[in-house]
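A look at the structure
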Amino acid sequence: MSRPVSTYRVQLTPDFGFAEVAKIAPYLRDLGVSHVYLSPVLQAVPGSLHGYDVVDHSRIRQEFGGAQGFREMAGVLAAHDLAVVVDIVPNHMNTANAQFLSVLEQGAASPYADWFDIEWREGKVIVHRFADDLPQSEHYTVVDWREGPGYRRFFDVSSLIGLRVEDPAVFFATHEVIFWLLDEGLVEGLRIDHPDGLADPRRYLDMLRDRSGGVWTVVEKILIGDERLPDDWACDGTTGYDVLNRVNGLFVDPEGRQPLVELFTTMTGQDADYHAVMARSKRDVIDLFFRSEVERLARVAGASVQDLVDLLVEMPVYRAYVTPGEPVDPVARRIVESAAPNPETARAVLSGSPEAVVRFQQTCGPVMAKGVEDTALYRWYPLACLNEVGGEPDRFGVSVEDFHDFCAGMRPFTMTTLSTHDTKRSEDVRARLQVLSELPGEWAEAVRGWSQQVSFDPHLDYLAWQTLMAAWPISAERFTDYLLKAAREAKTATSWIAQDHAYEEGLRAFAAKAVELPIGDFTALVDRHAVVNSLGQKLVQLMMPGVPDVYQGNERTDFSLVDPRQPAARLLPLRPELGVGRGQAPGHDPGAQAQAQAGTRRAVRADGRRGGGRRARDRLRQGARGRRGDPPARTAGGPRRLGRHLAHPAARQLARPAHRRPVQRPHPPGTPAQPPPRRTPGET
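Our subject in this report is the structure included herewith. (Residues numbered from 1 in each chain as written. Predicted model: local features only at pLDDT ≥ 70, side-chain atom pairs only at ≥ 80, totals over all residues. Heavy atoms only, no water.)

1. Focus on the environment of Val218
Tracing the backbone shows Val218 in strand E12 (residues 216-219). Between the C-alpha atoms of Val218 and Ala234, which are 16 residues apart in sequence, the distance is 9.4 Å. Look past the residues within four positions of Val218 in its chain and what remains in contact with it is Leu190, Arg191, Ile192, Gly237, Thr238, Thr239, Phe413 and Met415. (Helix = DSSP H or I, 4+ residues; strand = E, 2+ residues; numbered from the N terminus. Contact = heavy atoms within 4.5 Å.)

2. Some words on helix H8 (residues 241-250)
Counting buried residues in H8 gives ten out of ten residues, a clear majority hidden from the surface. Buried residues of H8: Tyr241, Asp242, Val243, Leu244, Asn245, Arg246, Val247, Asn248, Gly249 and Leu250, and no others. (Buried < 20%, exposed > 50% of the residue type's maximum accessible area, 1.4 Å probe, protein only.)

3. So, the side chain of Asp310
In this structure, Asp310 sits in helix H12 (residues 305-314). Among the polar contacts made by the side chain of Asp310, one reaches the side chain of Arg283 at a distance of 3.1 Å. Excluding residues that lie within four positions of it along the chain, Asp310 makes contacts with Arg283, Ala339 and Pro341. (Polar contact = N/O pair within 3.5 Å; in protein donor to acceptor, adjacent residues only side chain to side chain.)

4. Quick notes on the environment of Cys407
Within the secondary structure, Cys407 sits in helix H16 (residues 400-408). Taking relative accessible area as the criterion, Cys407 reaches 13% and is therefore assigned buried. In this structure the C-alpha to C-alpha distance between Cys407 and Gly546, which are 139 residues apart in sequence, comes to 9.1 Å. Apart from the residues lying within four places of it in its own chain, the contact partners of Cys407 are Met544 and Pro545.

5. Things to note about the sheet that holds strand E10 (residues 157-162)
The antiparallel open sheet is built from three strands, whose spatial order is E6-E10-E9. If you trace the sheet from one side to the other, it starts and ends with strand E6 (92-94) and strand E9 (153-154), each paired once. In this sheet, E10 lies alongside E9 in antiparallel orientation, the contact comprising two bridges. Each residue of the ladder has a partner; that of Phe154, found in E10, is Val157. (Pairing = 2+ DSSP bridges.)

6. Here we look at H12
Listed in full, the buried residues belonging to H12 are Leu308, Val309, Asp310, Leu311, Leu312 and Val313. Buried residues in H12 make contact with helix H10 (274-289), helix H11 (291-301), helix H13 (330-339), helix H14 (343-350) and helix H15 (354-373).

7. Side note on the pattern of salt bridges
Where charged atoms from two side chains of opposite charge come close, those side chains can pair. All told, the structure shown has 41 salt bridges when counted by the stated rule. Ionic pairing is found between Glu427 and Lys538, a salt bridge with its closest N-O pair at 3.4 Å. Of this pair, Glu427 sits in helix H17 (residues 427-436) while Lys538 sits in helix H22 (residues 519-543), and the two are 111 residues apart along the sequence. Assigned by exposure class, Glu427 and Lys538 land together as buried. (Salt bridge = Lys/Arg side-chain N within 4 Å of Asp/Glu carboxyl O.)

By themselves, these observations are geometric and do not establish any function.
If you want it as structure tokens, here you go:
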């Protein structure tokens, strides 16, 4: 088996399965990737667009082509010198599965009772009604959806029940097909979803490495600040959110922090202290979603619910790396003791019963994810490009020196990425937003002018203007979808569980009026410089240590958001004579987005020094005053080719010049060279 040089993520759907992946093999080969990185392939809920809701671990998803379709796809990919990486979901599965139905029918006597992380109450499991035809049985009790179920779940999603893969029998039963794919040589790499939910991620990875023979493996571990992946985790690294946030920070001017925070607080009336907003947000989601989880933790830890809530609110990371029966890591001890309201609570979760130690760590992740990713990041957004998974929105800019220090400590074969199915916005949307850190005055003037013409909710309008400018051109429908999601996640006026229909009608009217304003004029000025960020951050990703991943469609200009109904329009074949993909967003003007590289605002020089913010800002302003018809230096819409040949483990050969036509190789019959569909955004 081979380690990847570079990967290309494909989001499988019922309309884009294994046969469709095989058809784009020539395109991916010519792009320069070594491995095709697939979203989950096991049998999921019918119609699922993401695949993280597995219902049967013993089958490859029939909608994609089943086992035979997978084998045929892998053969075509191999003929083009491409291998396969698959995404697996060990933490949970959908409740509509045969094993859990057996538990509901037979209770603790079911042969599958040990599969799931259940808290039995008087011999019964507490459930929400997830199907109309639940079996008639005395072994379960249906409760209102506002009450938590009697089992560990994925975040607040009661239809996704936690698996006990720490049990070897459950581990092998749920990985049977994955190991078959590895043994057959059809798969050469694994991506592990949500390891923070597992009882013992280290032991799980040890078991996986022992059985897989050491196949290349990365984990979706969200790291905060200077946190690093534990050295004793048997994997090659993370899926790259830590890299994404640091590369993003390289293109943000720290001098923009004060004026942008002042603009944000003036426009929204929100607190200038992000940590205060984050603490309130975490407390809110505990009250809304996780009261039953905290009460269960309190029962096994012998601590008060209020003390545990206070601890969870102050925890700065997704997990404390503590294993029952082993000495507590000094860093973990310091983090927990600093967050705990009293020493007794800290002791209960660090050195109490094994269940208390594990349950605490499994509760930290959901509170962080829902409280920060899905709430605080929609409430506090002076510069929205910083509001990413694992990001710190109050940290403006990453110095070149800090970036090099980070790279020096990276695992050599970790994954690097700039966009995923879970990012809040695509890398090109972030590239536009990065420019605002160097034009805070001009941006403030534009926002105030738009707000005088159209306004709705001070808590949402400023995020709306950033989104509208950065995703331009965007339809009223798509803009509305995004704002509805943002407002419901923020939970300040409406939410997913308590929708205010009058408010949402007002939001729709605001969106319809806002898209009629000439926002594109400001976007055009930003684009002259955002293209340098788009290409610059891709260059950094390709040249730094690690295995670079490209999310489908992002080898080209892509202004995706996480709006759930954004169309996954199929990209048509590249037109190399123009360097532009015919699947461009309607109205996109590559010339406006590709201005002279002289507009670069921050120079990352070979000697490690950084260009001054004021001098760079002056260059940007000078460029913004140029004639509207100024010709672009180059076109930005074509694909960014990934280098296959390693000059050094940390340096990959870059693309051929964009004006050169790609070398045309003969393609096997029935495999036309065409790019894959645009991304199907995940809902975060």
